[in-house]
Structure formats: C-alpha cells, structure tokens
Amino acid sequence: MNVERLLQINIATLAALGTLLLGMGQRSVLLPVLSIVAAVTSVCVTDSLGKFQLNRTVANLAALLAVVLSGRELFHGDSEYQLLAVANLLVYLQVILLFQQKNHRLYWQLIMLSLLQVVVASALNLGVEFGVLLVLYMFTALAALCLFFVHREMEQCGSATRVESIFHFRRSAEPFGRERPQRWPLPTADPLRSSGTYKELSHAVLGWNLVRYVLSMGCTTLIFTVILFFAMPRFGNTVWQGAGGEHQPMVGFTQEVALNEMKKLLESPELVMRVNFGEVKTGIPYKLFGTPYWRGTVLWDYAYEGREGKWSQSKLPAWQDDHRLAAPPSHQELVQQDIALEPTQDVLLFSAFPVYADRDAPNQIRFEPRSRKLFRPVENRTGRYGQFRYRTLTTAFARGRQKPIVPHANRLTHRGAQARLDQEKETLLQFDSELHRDLGDLAANILQENNLSQEDVFGRARALESHFINSGLYSYSLDFDLVGQQRDRGLDPIIDFVMNHRTGHCEYFASALTMALRSQGIPARMAVGYKGGEYNVVGDYYQVRQLHAHAWVEAYLEPHEIPPGYLSRNESSPGGAWLRLDPTPGDPNNLADVEDAGLIHHLHQVIDYTQLIWNEYVLGLNSERQKKAIYHPVATRTHGAIKALFDRRWWATLFANLRSGEWFNWQAGLATILFLLVFVGSYRLVSPPIRRVFAWLRDRRSPAKYRARRRVDFYSRLETILKCHGMRRAVGQTPREFAISVGGRMADRPTRRYASSLPRRIVDAFYRVRYGGATLDRQEAQDVENTLHQLKDALSK
Amino acid sequence: MLRGNHISIRLEGWYFLIVLTFIVTGAILREINLLVVLTGMLVGPFLFNWWMVTLTLRRIDVRRKLPESICAGDLLVVELDATNSRRRLASWAIAVQDPIHREGAGFGEKRMVVSTMFPRVPAGQSATTSYRGRLIQRGRYTFGPLRISTSFPLGLLCRTVVINRKAQLVVCPRLGQLTPKWIDLIQTRMVGNQRTRRRHGLIEGDFYGLRDWRSGDSRRWIHWRTSAKRGALTVRQFEQQQNQNTTVLLDLWQPSRPTQRQLDNVEIAVSFAATVVADLCRRGGSQLQVCVAGKSTTRVRGAASMVVQQEVMEMLSGTMASHKDGLPELLDRALDRSRPESRTVVISTRETDLSDTERFVQVWDHPRKRNVMSQVVCLDVSADELDEYFQVE
C-alpha cells in the first residue's frame, strides 16, 4: 500500500467520523450512515478501481444543487435549524467531493469540510461520547494531514521533479519555426530529476516509525489541549448549553424540592462532608449498624403551579432569629457527631436529629426552631463559605442503630407550646382533596386492605410506607427519559407518579407518602438531607457526597400513639414524636450495591461519573469554576512554593525529611522546576547578545596586522588540508611552486585529476592578497571558500 | 556554512489559521467550551508543526557529491548526503533544492532548480539521495547554495535553511573520435621536423618543482636562492623533455544572428579542439599551445599533460563565439611564440584562406612567420570534409 492509498482511506475515515459527530449532535442516524456508505464506496469504486468518478462539471452542478437545497433551509428557521442546515450542506458537499478524482486541492477541501463539520457538531453536542470521538477524530485528522503532506511532497520531488526552467543553451538563439538540422548529435533537453520514484519514497516513509510519530503528535496535542482548555481564561459565568439550551440536571441537596424532572439525573460525586460518630465519654468511634440519616431541613408546604410540584417552607418568614442549641439531656445515650463540611454556598448544616449542643463548644452553631434548621454562625448569610467543622450531640442512636422515632422538640414546657404544636399539626395536615383525590383513595384502599384500626397510627403509617416499598408497583430511577411516554404533564407530578408511571426517585416517593399520610389524617412532613455514605474503615468516618442526598418522611405521632419500646427508658415525649418513614425502594444503582453488581453496572457507573466530570469541568467550565478549581489552587501552591524557598525552617524540614528517606516533596519539586525554567529561559535570552558583544570586542581589540592576516587564512587552510593528505610544503618552496607540485601529484591520480588546478587558483588569490595588497570582494572570497571545499572533497576520494 | 534560516507559513497554514480564527471567535463570543477544546486541538498541531520544523533541520548537514568531470551530454548523477547529527529525533521529509547556474549564461537561460527529497534521516545516521540528468551545454556550472526545507509533519509551516555550500563542475566539451586520416595528416606534417629536434635542451619543459641535487644534474638547474635558504643544493625540476610542439588555434566565429547550423559549427569546433588536445595529452611528450579566438582571446601553454589538458578543458568549456574576426591577431601572436618546428592547426568555424595577405597582413609581413605559414593546417568545420577527420558520437 502506498501513501496515496493510505491517504484516501484516511480521508474517507475522517469524513465518516466528522459526519458521525455531526449526526450525534443532530440525533440523526441517516447522515452518518450515508456518509459511511459514501466513504467506503468512494475508496473502493472511485479511488481504487477508478470506475466511477464525477467529472468537474457534474460535481459543480451537484454542489450548486446542494447549496440551493440547504439555502432554503438556512433562511427559514431558527438558529438551531440554521445550524442543522449548514451541517447538512457540509455533508452533501463532502459526499460530492468523495466521488471525484482526487488531487491535492480535493484532499485539502475534504479535510477542511470535515473540520467544519466538527465545528458545527461542537455546538450541537453535549455528551461525553462526543469527547471520546473527538479525540479519535483528532488522531485521524493528524494522520490525514501528515499523509497528505508527505504525499504532496513526494509527488513534487519524486515522480515529477520540479524544474523551474529547463536549461538549454540553444533555445534563445534558435530562429522561430525552423527545423534544427541534426548536425550536432546531443539532445536538446534532458532535465535533471530526482532519482527516487514515488514508490521508493513511499516505501521509505511508511512504517511503524510514522505511526509512532503520529501517535506522539496526537498525545502531545492532547496534553496541550487539556492545558490550554483549563488555562484559557473564561470571561463569563454562563456557558453554552447546547443548541437547545439544555443542561443535564444532577442529584444533590436543595432546600426546596421541585418535582419537574424530564431528563436523566446524574449522580454528583461531589464531597459534602465527612462525619465521625463517637462516644461522648470515651471519644472512641461509635459502632453504627444500618444507614444513618442527616437531616438538613424539613418541608411541609406543597404547591402545584405551572406543571411543577414544589415543596417548601413558604409559610415561614424569610429570616428568623436563631437560637442556641439546647444542652443535652442527662441519663440518655449520647453520641457525638464530628462533621467536617466542605465549602458550600449555604449556611445550612446537617445532623442526625434530635440535636444538642456540645458541652465544650455550646455556641458553635445556631438553631432556628421554627424551620428546624442548623446554621453556621456567620454575619452575612449569602455568598460562599469555606470548610467548616462542628460537633453536635444526639440521642438519635440506640444500641448502634438510628432510632425510627425521636421525641418532638416541643416538650410543652411553657405557655403557648400546646397552641404552637396544634398549629404545626394543622400545617402538616394540609391536603388538597381535589388535586390529590386519587392518592387519598389509594391510601384509603391500602389501609382498608390492611384492616388497621383508626387508632393504630403507627401501623397505618407503616402500611402506607410498605405499599411503596414492597408492592412491587414502584421502581426507583433517576432516568426520566425512560418514562417519558408514560407521563402526563397535565397532571400533578405526585398523582402522575402514583397513578401513571410509578417510577421516580426519593423525592417522588417521599412526596407521595407525605400526601398519602395527610389524606388519612396523619400529620407528615418531608425531610431532606443525606442518607448513608461511604464508610471509611481506616478513618472510621462516613464520606457523604451529593449523590447521597435523600428525601424521606417524618410523621407526627401523639404521645399515646408511640408504640412501646421505641423510646429509650429515660426518654419522654410530652409533645409527641416523629416517626421516620422512608418509602423509597432500593436504588438499583445505589453505590452500596456496587459490590454485588456486575461489570456492566460498574461500567455504567464509570460512564455516569465521566459524564458528570464532562459536564462539570468541560461543558460547564465558567469563569467562577475556573477560578475555584484551577487558578486559585495553582496560585496558592505556587505562592506557597516560592514562599517556602525563602523560609529557613522549610529548608531544614526538607533536609531532615531527605535524611529520613522522605525524598519527595511537591513544593521542592515545583520550586526546582520553576527555578530551572527561569534559569534556562534567562540563559537563552541573554547568551546570544553577550556572545555578539564579546565577538565585537575581540574583533576591535585585534591589531590591524592580525586582521589582515585573517584575510589570508584561506591559504593556511589550504596547507592544512594538503598536510592532512601527506602533502607538505618543503622548506624554501614558494606557495606557487607548492601549488604546482601538488597539482601535478593530483593529476597523476585519475580520481583527483579534475581538481588538479584548484590549488593554483587558491594560491593565485593568496598572492593577490598577500603581495598584491588586494582585498577579495565577497564573491571572490566565496569562490575561494568553495574551491577549498571542492579540493577537500576531491582529496577525500 | 548555514545561511538564511526562516520559518514561513505555507498556503495551507493560512487556510488553517483562518479556520482557527473562526473557531476561536466562536468559542469566545458564544462561550462554547467544546470550541475551546477544538481550539486546543488545532493550536496544538500548529505549534507542534512549528516545533518540529525548527528541530528537524537542526544539526542537519547536506553534502553534495559531484562527479570528477563530465562532458556535455554525459549522464550526470549528483549524490546528496544528509547527516543527522542529533542523538535523538529523526528528520523526515527534507526537501532539498539545488540551484544550478552556468557561468556566462545568456539572457534567455534561466536558473535551474532541482528538487529532491530525503524521506527520512534517522538520528545519528546519514541518508543518501541523488538526482540525475544530462547537461547539454559545456561550461562552468555552479551548484548551490543548497536550500533544505521541511514542513513535516503537517505542511502548515515551512522552515528553510540555506547551506552555503557551492560547488563547481566544469562540463567539458563533448569529446569525439579522431579518424586515421587525422593521424596521417599530423604525421605528414611532422616529417622533416625530426632533425630539428633539439637534443641538448636544458629548459625545454615547464617548471615542475624543486628537488635535491643529484649526481649528473646540470649546474644550470640549481636554484640558488632555495639552496641558500636550505643550505643544500636544490635543483629545479622540469617536465619531461618534449620532442614536438603543437599549436592549436581555435577560431570561433559566428555572425551576430547565427543560424542553427552556425551554432552547431561552434560546438563541433570546440569539441574537435578538445578531442585533439585530449589526444595529444594522452600521447604526451610535446609542448602544447592552445589559443582560442572567441569573445575573448585565451591561451594555454605547457607540456602536454593531464594538468594542461584539464586547463584546456576548463578554458574550452567557457569559450564563446564572437562575430569579430580574431583569427589574424591570434595567429600572429601564436606564431610569435611558436618554434619553427611546431605543428600549427587552425580549426575555424568558417572557410579560411590563410594565403589572404590582406587579412593576415601582420603574419605575411613577418619573415619568420611567413616561413612557418606553410606548415599551418587549416580545417573548416563548416565544411563536410571535417567528417573525414573527426566524428562526434
């Protein structure tokens, strides 16, 4: 296979890949299929066999037709439509070009068309698979460009050597229109041309070396692209979200819950906090069984507006004075929670409830009783907050398990407490019997089926919870693309969930159960926070990520409705208690189940995670994120490294570490790299001018006679060259005599005969300079130089 | 040796940059991050190309190997050796341009540039390529300076380095074959000269060099100045004693607007003269004087040897015809220096009557030269009779 055939295959692959990228953006199968078929056919039929080739006129007409067709689409539609019209035009033109006989111009046009397709595709695509294909495309394009260049150079230098003008002595003098008699037998013209044929050159170029070269070029480009991408400053905080302006939503904690998802939710692995449970007295890790719940806030108001169901605390004023946390009760099992919260944009804190102040730091956090929220103590509650560590105490755990029932914080200790409790219960019973009639009927049927008495609130609540978990009618999913057909956007999302698609995530289940409980006269509210996490056995802590965000239900139980044994011996609940209900069935994609899942599931997780990274750091990289994730860390570390260079203690520590065998230190490494870069850069910048200055000074200091002598250095060089070949000037022999004798000796050898007159030429020049006082002009000096080289070459034969 | 070193953007590079600008503009204005990725993927190869063209020609040396000598019309093979002195990184696709220029080329003759390519020169190794063809015109050709360039790997940028290594090649006149009739002609003219041969000649040959005195050397050969310097007797050494002297006069005349046949006659005359000289030098043992009347009058004189042959060939390769009549003056000067026993051959591109006393008045007025005129042979190249003496292959 020669270079051109390889180039043709490469260009066809490039064309197909470009259209595939475009097709992915358009979500069209037709274009990629058309392009792939055209690419394969063109290589076989047009390039290899040469059986079908569009001539230039037909190709031009076809291109014109394509422009007219696409032009109509271009001027009748919105911006996305116009983009698609441009994309289609590029594909049509590409197909037309593929079926023409290829020349340099066509190869280049195909490459450029393919590149433009990718440009358009970049505005249409959002998926991570585009990124993967883009990398593949880049390697193919680099190979195509490389092969195209080699092919062009070889054609110019190989089979048809470029000769600017055929050198022929007679042409200018030859009379017009007269036949030249054949008196002189030599041909009129025989241009000089390269000996290597295209095939030979092709053979010399192709091979693994070229493959390695292209691969290394691709890898270098990839590294450069990554650096450029993250380093190139962004100026805005809004980024392109596809031609439709859509962005893939993600799982994560929010203080309000909106039931409106239409797309697949991604699980964000962003770290939220690390939680360490410990025994209060001893401080040793508290062994926990089961999955812990950390509540952030509770929501009780539900509103359905504009096809969106929304849970909030809208009845509360926007800002309430906060209070200190209560001191922990005595004689109860207390567990301390040490929580390290990652930087957030909210002052809200999380904890297992009920929560009490740590004895050692009672003022560390604030509590707002009405909204039941914990806050970090800051003056300004807007903006971004750094990492925060806090400790709370809780009685939520008993014998290593989180209790399902915890006492109400209102212990009816003061006047007006009962009224406030009644008001709260009233709020938690809000139910729109019109809107959620079907749900109420369903709940009634469930309870009827379970034949539970009206007084058994606990049992009724559990029965309703069990319906969602165990009936098998509901399934957990984050992908709403899958249920798109079954959904009725005209219905309330909770009703739509319960009656139609029955597929959703925790917020849907919690919403449905809350409303089902309320329909049956059981006060209930939705709690949002985090559930579970990854337990780190080394550090004895839970690592909680955004993907662990969860919603569940808290049903209110009157004191007499609390089943015996659910509260601790020393625990009382005069104001009633909260029963935690979690109606969400097991998530088949839950990370906790990963160990049991197969390879495909694991792969799914990897893809999901990659998509997340892609969305976060590629598609969604804006000015703020860039500052936070790249500029700030780099600046901080660089600053630290430079600062460390001037810190004696740091040097002492470094040498101490080196002595103890800890040889790696990133600060030292960074400092070394910086230093070397500065050193090398300075050297390269400064050395050329310094060298020039020195040369100039040296030249100025040289006396005139030395400068004059240098002018006839060429004779010394002649003697040196001759001396190297055993020809020394005898004592008393003049340079000219020497040159003549050398010429004679050279003439004796056939291989050197042609150069026998060269020494004399140099010596003549020497005599003119040395004794005639002449100065060689530039051309003469160059001639002498060339003569010396010729002599050297001749003697080396 | 290196001269000129610049990087230029090729036409494809400009197209590439236009597309890149378009993409960068889109990326900035619409804040499309995927276009930023694409920007990186385009800027990266462009910079890589720049980096590679810069590195590829570093520590690369290209040498040209010319043949020892050729005659017009012979196959010329020029070898080019590229040496990559780097320890790492092979050089790919190095295009070499070798301009060839003939000295004294006429207005209509353009400079010829031969292009060839080294597909790959591995690190620390050499590679060879060559180009071949035929140079039809005799003359002194200057090869170089070599222009080496590369655009590898993507052809977007091109770095060109000029290696100021020139070489000269003398393309000698085409050599033909002398016929036996020519030999007869010369032999006949030599009859009678034998007796006039000098047997005692002391300073008959060209000075060849100095050597130590040996027993039997004449005292007249002693080079006193050198002997004084060295403190030992040193004698001059001469070429072998000649037994015959030959003078070849080449009359390259052509009208101001020559016909093709007249142009051909010039070439044939030069070729004939070159062949005669080559023959005489091969035989050796004679003094040779070659005088040319063309655009300029030139002369080479010396003992018939390879050195003289080389000098004559160089002279003939650059000789050009003229419409002026230089033969009378040339003949006068040639006879002035020739000995009575010399053979004199006039090769002319036109019919020449040596008995024309008006044209050759200076010669005929001179008694000694007048005597010698009878020995002069005149050959007219334009006449078909030349074919009896000489044939070009």
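From a predicted model like this one, the values you see are computed outputs, not experimental measurements.

1. Comments concerning the overall build of chain A
Regarding its fold elements, chain A presents 22 helices and 25 strands. Taking all 797 residues of chain A together, the buried fraction comes to 48%. Across chain A, contacts joining residues at least 24 apart in sequence account for 75% of those joining residues at least 6 apart.

2. So, the overall build of chain B
Along chain B, the regular secondary structure elements total nine helices and 20 strands. Each of the 393 residues in chain B was classed as buried or not, and the buried ones make up 58%. Residue pairs at least 24 apart in sequence account for 73% of intrachain contacts in chain B once pairs closer than 6 positions are excluded.

3. Overview of the pairing of strand β9 (residues 146-150) of chain B
All names here are of chain B. Counting buried residues along β9, four of its five residues qualify, which places the element largely inside the surrounding structure. When strand β5 (residues 91-102) meets β9, the two strands line up antiparallel, connected through three bridges. By the bridge assignment, Ala-95 is partnered in β9 with Ser-149. Pairing analysis gives five bridges linking β9 to strand β10 (residues 157-163), with the strands arranged antiparallel. By the bridge assignment, Thr-150 is partnered in β10 with Arg-159. Once β9 ends, the chain turns through six residues before running back antiparallel as β10, passing Gly-155 with a positive phi of about 75°.

4. Overview of a positive patch on the surface
All names here are of chain B. Together, Arg-299, Arg-301, Arg-337 and Arg-339 line one region of the surface with positive charge. You can see Arg-339 is positioned in the loop between α7 (327-337) and β18 (343-348). By relative accessible area, Arg-339 is classed as partly exposed at 33%.

5. Focus on the interface of chain A and chain B
Tallying the contact residues gives 100 residues for chain A and 108 residues for chain B. Buried area between chain A and chain B, both sides added, is near 9,200 Å², and the carbon and sulfur share of it is 66%. There are four salt bridges connecting chain A and chain B. Note that Arg-152 of chain A is salt-bridged to Glu-12 of chain B, the shortest N-O span being 2.5 Å.

6. Comments concerning the packing of aromatic side chains
Enumeration over the complete set of coordinates arrives at 37 aromatic pairs over all chains. Pairwise contacts between aromatic rings join Phe-149 and Tyr-213 of chain A together with Phe-48, Trp-51, Trp-92 and Phe-152 of chain B into one cluster. Looking at Arg-234 of chain A, its charged tip hangs above the ring of Phe-229 of chain A, at a distance of 4.6 Å from the centre. Here the basic side chain of Arg-525 of chain A rests over the ring of Trp-578 of chain A, its NZ or CZ set 3.6 Å away from the ring centre.

7. Some thoughts on the pattern of salt bridges
Following the criterion strictly, the structure yields 37 salt bridges over all chains and no others. A salt bridge links Asp-764 of chain A to Arg-736 of chain A; the nearest nitrogen and oxygen atoms lie 3.1 Å apart. With Asp-764 of chain A in helix α21 (residues 758-770) and Arg-736 of chain A in helix α20 (residues 735-748), the pair connects residues that are 28 residues apart, well separated along the chain. Exposure remark for Asp-764 of chain A: the relative accessible area of 30% places this residue in the partly exposed category. The partly exposed category is assigned to Arg-736 of chain A, whose relative accessible area is 33%. When the shortest N-O distance is used, the salt bridge between Lys-369 of chain B and Asp-336 of chain B registers 3.7 Å. Of this pair, Lys-369 of chain B sits in helix α9 (residues 367-373) while Asp-336 of chain B sits in helix α7, and the two are 33 residues apart along the sequence. We classify Lys-369 of chain B as buried; its relative accessible area is 4%.

8. A few points about the sheet that holds strand β1 (residues 193-194) of chain A
Strand order in the open sheet made by the four strands is β1(A)-β7(B)-β4(B)-β2(B), with antiparallel pairing throughout. Every interior strand has two partners, whereas the edge strands, β1 of chain A together with β2 (60-65) of chain B, have only one.

9. A few points about the sheet that holds strand β21 (residues 524-531) of chain A
All names here are of chain A. Read across the open sheet, the five strands follow the order β6-β21-β24-β25-β18; overall the sheet is antiparallel. Bordering the open sheet on either side are β6 (293-299) and β18 (405-407), each of which pairs with just one other strand. Going from strand to strand, the sheet's axes swing by 35° on average, the running direction of each strand aside. As paired strands, β18 and strand β25 (residues 577-581) are joined by three bridges and run antiparallel to one another. Residue Val-406 lies in a different strand from β25, and its bridge partner there is Trp-578. Of the strands in this sheet, β21, β24 (549-557) and β25 are in contact with helix α13 (residues 506-519), which crosses β24 at around 10°.

10. Things to note about helix α11 (residues 457-470) of chain A
Residue and element names in this part refer to chain A. Look at α11: 19 Å from first C-alpha to last across 14 residues, which is about the 20 Å you get at 1.5 Å a residue. Every buried residue belonging to α11 is among Val-457, Phe-458, Gly-459, Arg-460, Ala-461, Ala-463, Leu-464, Glu-465, His-467 and Phe-468, and all of these are buried. Where the residues of α11 are buried, they touch β18, α10 (437-450), α12 (493-501), α13, β24 and β25. With its phi angle positive at about 80°, Gly-472 sits one or two positions after the end of α11.

11. Details of the packing of helix α8 (residues 208-231) of chain A against helix α15 (residues 623-645) of chain A
The angle between the axes and the distance between the axes are what describe a pair of packed helices. Residues and elements named next belong to chain A. At a minimum axis distance of 10 Å, the contact between α8 and α15 shows a crossing angle of 125°. If you check the angle between α8 and α15, you find them oblique. Contact residues: Phe-229, Phe-230 and Ala-231 in α8; Gln-626, Ile-630 and Tyr-631 in α15. Residue composition of the contact of α8 with α15, grouped by class: five nonpolar, one polar and no charged.

12. Some words on the environment of Arg-768 of chain A
Residues and elements named next belong to chain A. For Arg-768, the location among the structural elements is in helix α21. Accessibility expressed as a relative area gives 39% for Arg-768, which makes it partly exposed. The sequence separation of Arg-768 and Val-712 amounts to 56 residues, and the corresponding C-alpha distance is 9.9 Å. Aside from chain neighbours lying at most four places away, what touches Arg-768 is Gly-773, Ala-774, Leu-776 and Glu-780.

13. Here's the deal with a negative patch on the surface
A surface patch of like charges, here negative, comprises Glu-351, Asp-353, Asp-356, Glu-358 and Glu-385 of chain B. Secondary-structure assignment places Asp-353 of chain B in the loop between β18 and α8 (361-364).

14. Remarks on the side chain of Thr-54 of chain B
All names here are of chain B. Its location among the elements puts Thr-54 in helix α2 (residues 33-56). A distance of 2.5 Å separates a polar atom in the side chain of Thr-54 from the backbone oxygen of Trp-50. Ignoring any residue separated from it by four or fewer positions in sequence, one finds Thr-54 in contact with Ile-7 and Arg-159.

15. Quick word on unusual backbone geometry
A cis amide bond links Gly-144 of chain B with the next residue in sequence, Pro-145 of chain B, at an omega value of 0°. Checked against the element boundaries, Pro-145 of chain B lands in the loop between β8 (139-143) and β9. In this structure, the amide linkage connecting Phe-152 of chain B to the following residue, Pro-153 of chain B, adopts the cis form with an omega of 10°. Mapping Pro-153 of chain B onto the fold places it in the loop between β9 and β10. Its identity is not glycine, yet Arg-399 of chain A carries a phi of approximately 50°, on the positive side.

16. Description of the confidence of the model for chain A
Residues of chain A with pLDDT of at least 70 account for 85%, and the chain-wide mean is 81. Considering only residues more than four positions removed or in separate chains, one finds that residues 159-181 of chain A, a stretch of pLDDT under 50, has 55 contacts.

17. Examining the environment of Leu-134 of chain A
Looking at the element boundaries, Leu-134 of chain A is found in helix α6 (residues 128-159). Residue classification places Leu-134 of chain A among the buried residues on the basis of a relative accessible area of 1%. For the pair Leu-134 of chain A and Gly-18 of chain A, spaced 116 residues apart in sequence, the C-alpha to C-alpha distance is 8.8 Å. In this view, Leu-134 of chain A contacts Leu-21 and Val-118 of chain A together with Val-37, Leu-38 and Met-41 of chain B; residues no more than four positions away in its chain are not counted.

18. Observations regarding the pairing of strand β6 (residues 112-121) of chain B
Residue and element names in this part refer to chain B. Most of β6 sits out of view: nine of its 10 residues are buried. One ladder, built from nine bridges, connects β5 with β6; its direction is antiparallel. The partner of Ile-100 across the bridge, within β6, is Met-112.

19. Re the confidence of the model for chain B
Residues and elements named next belong to chain B. Scored by pLDDT, chain B has a mean of 84; 90% of the residues are at 70 or more. Counting contacts from residues 191-204, a segment whose pLDDT is below 50, to residues more than four positions away or on other chains yields 17 contacts. The ipTM, which scores confidence in the relative placement of chains, is 0.74 for this predicted complex, and the corresponding pTM is 0.64.

20. Here's the deal with a nonpolar patch on the surface
All names here are of chain A. A cluster of nonpolar residues, Ile-642, Leu-645, Phe-646, Trp-651, Phe-655, Leu-658 and Leu-674, forms a patch on the protein surface that exposes about 640 Å² of accessible area. Put simply, the parts of the chain that give the nonpolar patch at least two residues each are α15 and α16 (648-659). For the nonpolar patch, the element with the highest residue contribution is α16, accounting for three residues. Relative accessible area serves as the criterion here: at 71%, Phe-646 is assigned to the exposed category.

About the thresholds
Residues numbered from 1 in each chain as written. Chains lettered and ligands numbered in written order. Predicted model: local features only at pLDDT ≥ 70, side-chain atom pairs only at ≥ 80, totals over all residues. Heavy atoms only, no water. Helix = DSSP H or I, 4+ residues; strand = E, 2+ residues; numbered from the N terminus. Buried < 20%, exposed > 50% of the residue type's maximum accessible area, 1.4 Å probe, protein only. Contact = heavy atoms within 4.5 Å. Pairing = 2+ DSSP bridges. Patch = residues over 30% accessible without salt bridge, like charges linked within 9 Å, V, L, I, M, F, W, Y side chains within 5 Å. Areas by Shrake-Rupley, 256 points an atom, 1.4 Å probe, with all protein chains shown as cover. Salt bridge = Lys/Arg side-chain N within 4 Å of Asp/Glu carboxyl O. Lys, Arg positive; Asp, Glu negative; His and termini not counted. Charge placed at Lys NZ, Arg CZ, Asp CG, Glu CD. Buried area = accessible area lost by both parts, 1.4 Å probe. Phe/Tyr/Trp six-rings, centres within 6.5 Å; stacked < 30°, edge-to-face > 60°. Lys NZ or Arg CZ within 6 Å of the ring centre and 35° of its normal. Axes fitted to C-alpha atoms, helices over the stretch in contact; angles between N-to-C directions. Expected span 1.5 Å × (residues − 1). Parallel < 35°, antiparallel > 145°, perpendicular 65-115°, else oblique. Nonpolar A, V, L, I, M, F, W, Y, C, P; charged D, E, K, R; others polar. Polar contact = N/O pair within 3.5 Å; in protein donor to acceptor, adjacent residues only side chain to side chain. pLDDT = per-residue confidence, 0-100.

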